[in-house]
Amino acid sequence: MTLVDSLTRRSVGGNRESLIAAAIFVVCYGAVLFVTPFERNSYAFNNFVVLMTPLAIAAVGTTLVLITGGFDLSVAGTISLSNVIAATTMAEYPGAVWLIAVVVIAVGLLVGLVNGLLVVRAGLQSLAVTLGTFIILTGIALIVLPAPGGEVPESYALALTDPLGPVPVALLVLLALALAWWMFSTSPTGVAAYAIGADRQAARMSGVRTGRVEILCYTLAGGLYAAAGLYLTAITASGDPNSGRSFLLTCFAAMAVGLVGFRGGSGSAVAAMLGAGTLIALPKLLFAAGVEDFWSGALQGVVILLALAIPFLVVRMAQARREPSRRRPAGISEGRTR
Amino acid sequence: MLDQKRESDMAHVEIDDISKRFGATAALSNVSMSVEAGAVHGLLGENGAGKSTLMKVLSGIVVPDAGRVTVAGRPLQLGSPQASRDIGLAMAYQELSAPPNITVATKLCLPNLPTRFGMVSQRELTAIAGARLKEWDAEHLDPRALISDLSLAARQEVEIIAALSSSPALLVLDEPTAALPDPSWLFRQIHRIADTGAAVVYISHKLNEIKEICDTGTVLRNGRTVATFVRGELSEDELVEQMIGRSFNHVFPAKPEPTAVGKVVLDVRDLAAGDKLDGVSLQVRSGEIVGVAGLEGQGQRDLFYALAGELRPSAGSVSVTGDVGRIDFSLVPEERKSEALFLQMRSDFNLTLPLTSRFSTASVVSRRRARRLSEEVAGEVNLPLTMLSRRIADLSGGNQQKVVFGRAIAQAPRCLLLFDPTRGVDAATKLEIYKMTRDFAAKGHAVLVYSTEIPELVGLCDRVCALYDGRIATEHAADELTENSVMRSILGHRAEVVG
């Protein structure tokens, strides 16, 4: 198998997406290091990884759902809720900080389970269901903490954000997550998730218990959003009922830069994590390049489009060599979304 | 005593009085069928006769209103795919059930993938799949290949092998040769699995296959059992009569005299496109139906899709001249569901989508005129008007194909391209499509048709070009057009070798 082949094939695991996303990230972060000398030290590196971690964790969750062909907007609401719960309770019960963290993750899992049940068992559209839970959760977050405030014990914040010796804890978190993703994506359940995203009916006819797998993906995703919220709380050391809102778009942007297929059935959460890193590096790069703040949003959009163009160009290059009869005519949807 | 009974009932499948209504329509009314262990049982019927519903009942997707099924003496819990699987039912689906992004090996092992420490063991997966491919004489398939990279025929083989290798007590094959150029491989495997004591249900529209492989058979019509037969009891004509409920005299419409065809409409010179098509020249005259024959992957798809504008030719020229018609080409494509239809939309939408300019004024669509036009086109292709307001996914395969065909001819192409137009279509609709094709040609249009079925090409076409390795190997004019001669040329025999 040539490199071009491996870059153009759309298959379980998403190795090609990870490769491309890694290349984009290395270029962007490399450019940051190149133009800004004060980023070239372990302190700045730690800060960078810490900053990208909540988005990376959340993007793994949305990827999990997207691979099965579903859209999960509840990410924003779950992060807000998890953030305000942590910020209002942890300072009050400093001895039970980690117990609270476990409870918060359980709440996230529960939210995901409800999403999954509504989508799979009730047959509702994922976009509608998760939009609903997003709004509900934001509402609950406002009840828990009506205005920004709250706090967390310093020990909690430092445990998650300070480096452990020379290695940032955040990096360990991300590596553990990447390992977990690799294990998931190569497990029978992971293979089934990809198959479901590509063709749910075919997967069902092949004997895959599609409902179970999908519900599991939504549930795990909910837990990941809660974890992202907990990590965000460690960074901000306070609560904000709207803290999750910005994650809605950035998660999907991270998946776009990570080349996760929006039709389902392809992509990799590792690539989405790298996409999250790219999204954090970009503003730094644009700032260093002296681009005015109000231009940087537009330029980030351009970078997303460029990232999306890369596999397209690679495919175009390879198409000249490949047997055309294997190719489906353009415009035919390769998968379905709910 | 009890043990003895069980012994004699091994893999004996009994289907009793199954009934199922969908709203006002009775899809199945008291259908019964029994298949002996080790026997191959043919299931015939037009699309819409209830075959698919019956199969969905067996596989647990549809819950019947009444009836029972026993497999090897054990009652099957109806309405549970898991129970059907557990009792030993394996099915090769006509629509092929392999997700495109998994490998052949994964498909062959689903849903029980071998794992090591909770992760799928690729090595073991490939080994198991390789053994299964070897066991069923399909070593030419690469277990590591992606499903989406396979030809339709190879995907069909994978589908069949997946069903065969689950050691089924009841194996159901739904139109298994729809995409297989040569059924002899399949027939060998069917005999082997039947020898293990499995009961096999073989669903097909191809009567010659039913005659060859099936020991017994059942004919369904309008959701009822209208005939059961043992091998050799009914002739092909009698079977078709049972299926469509009336007799017919001629399968293919009469061909015009060669002098009746007009001037050249389609002139293709040295056309090369894609990877396979390598310099094809052919002409189709006004009023003429020209067939293209070929084994899988000889460039036929490249030819049709290049003419239709879906594929950029790398060399050669194409010219179309004609007095009748509004556009040069319209294509009835290979895969109805993925290439031709908007499955979620209504039939009338599917029928009239390219014709919006004819029922709109200043870019405003007139629903009344759209309705009239869709009724007009539906009338032309004998599509019941009640189908127009239904979702096209709910129509039978035959009616879906009428919509695709009707849309193609309604655009009034100078040259009509038909790529396997009767695939997965019931016998009655096939006859209608032959007649409509001939009528369309008689109006002065040119028709180019590819089919996997040689008898169809020989019966329908005025001339047949045999494609071999991207070129036209032989052209068979009307006077030398026989199934035998065409079959020889698509296998690559030169005319002189045939002698």
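See the structure above.
Cut-offs applied
Note that residues are indexed from 1 along each chain, following the sequence as it is written. Working convention: letters from A go to chains and numbers from 1 go to ligands, in the order in which they are written. Per-residue local features are limited, in this predicted model, to residues with pLDDT of at least 70; the limit for side-chain atom pairs, both in listing and counting, is 80 or more; totals at the level of whole chains, interfaces and linings are taken over all residues. Each pair of strands is called paired provided DSSP finds at least two bridges between the two strands. Put simply, DSSP H or I for four residues or longer makes a helix, DSSP E for two residues or longer makes a strand, and each gets a number counted from the N terminus. Each residue is represented by a C-beta atom placed from its backbone, and any two residues with such atoms within 7 Å are regarded as in contact. Just so you know the grouping, Ala, Val, Leu, Ile, Met, Phe, Trp, Tyr, Cys and Pro go in nonpolar, Asp, Glu, Lys and Arg go in charged, and all remaining residues, Gly too, go in polar. Fitted lines through C-alpha atoms give the axes, limited to the stretch in contact for helices. The angle between two N-to-C directions lies from 0 to 180 degrees. Helix crossings are classified by the rotation of the near helix relative to the far one: an anticlockwise turn of less than a right angle makes the crossing left-handed, while a clockwise turn makes it right-handed. Any residue whose C-beta has 12 or fewer other C-beta atoms within 10 Å is treated as exposed, any with 20 or more as buried, and any in between as partly exposed, C-beta atoms being built from the backbone. Angular relationships are summarised with four words: roughly parallel below 35 degrees, roughly antiparallel beyond 145, roughly perpendicular across 65 to 115, and oblique for the angles in between.

**Q** Residues and numbers for the sheet that holds strand 4 (residues 66-71) of chain B, please.
**A** All names here are of chain B. Taking strand neighbours across the sheet as the criterion, the four strands line up as 2-1-4-5 in an open arrangement whose pairing is antiparallel. Each having just a single partner strand, strand 2 (25-35) and strand 5 (74-75) make up the two edges of the open sheet. By the bridge criterion, five bridges tie strand 1 (residues 13-22) to strand 4 in an arrangement that is antiparallel. Residue pairing in the sheet places Ser19 in a bridge with Ala66 of strand 4.

**Q** Break down the interface of chain A and chain B for me, citing the residues and quoting the values.
**A** Facing 28 residues of chain A, the contacting portion of chain B comprises 29 residues. The set of elements that each furnish at least two residues to the side of chain A that touches chain B consists of helix 9 (188-198) and helix 10 (200-205) of chain A. Sort the elements by how many residues they give to the side of chain A that touches chain B and helix 9 of chain A lands first, with five residues. Looking at the side of chain A that touches chain B residue by residue, the classes come out as 14 nonpolar, eight polar and six charged.

**Q** Go over the packing of helix 5 (residues 97-120) of chain A against helix 11 (residues 210-236) of chain A, please, and point to the residues and values.
**A** Residue and element names in this part refer to chain A. The N-to-C vectors of helix 5 and helix 11 enclose an angle of 145 degrees; their axes lie 7 Å apart at closest approach. In this structure, helix 5 meets helix 11 at a crossing whose hand is right-handed. Along the lines of polarity and charge, the residues of the contact of helix 5 with helix 11 split into 18 nonpolar, eight polar and one charged.

**Q** Break down the environment of B:Ala162 for me, citing the residues and quoting the values.
**A** Residues and elements named next belong to chain B. As for its position among the elements, Ala162 is in helix 6 (residues 152-164). Under the C-beta neighbour-count criterion, Ala162 is labelled buried, with 25 such atoms within 10 Å. Those residues in contact with Ala162, other than ones at most four positions away along the chain, are Lys107 and Leu108.

**Q** Any chance you could break down unusual backbone geometry for me, citing the residues and the numbers?
**A** Negative phi characterises most residues that are not glycine, and trans characterises most peptide bonds. All names here are of chain B. Between Leu110 and the following residue, Pro111, the backbone shows a cis peptide bond with an omega angle of 0 degrees. The phi angle at Ala72 is positive, at roughly 50 degrees, despite the residue not being glycine. Along the chain, Ala72 turns up in the loop between strand 4 and strand 5. The residue Asp469 is not glycine, and still its phi comes out positive at about 55 degrees. Looking at the element boundaries, Asp469 is found in the loop between strand 22 (463-468) and strand 23 (471-476). Classification of Asp469 by C-beta neighbours within 10 Å gives partly exposed; the count is 13.

**Q** Describe the packing of helix 9 of chain A against helix 11 of chain A, with residues and values.
**A** Residues and elements named next belong to chain A. For the pair helix 9 and helix 11, interaxial distance at closest approach is 10 Å and the crossing angle is 100 degrees. One element, helix 9, and the other, helix 11, form an angle in the roughly perpendicular class. Here helix 9 contributes Thr189, Ala192, Ala193 and Ile196 to the contact with helix 11, which in turn contributes Thr210, Val213, Glu214, Leu216 and Cys217. By residue class, the composition of the contact of helix 9 with helix 11 is six nonpolar, two polar and one charged.

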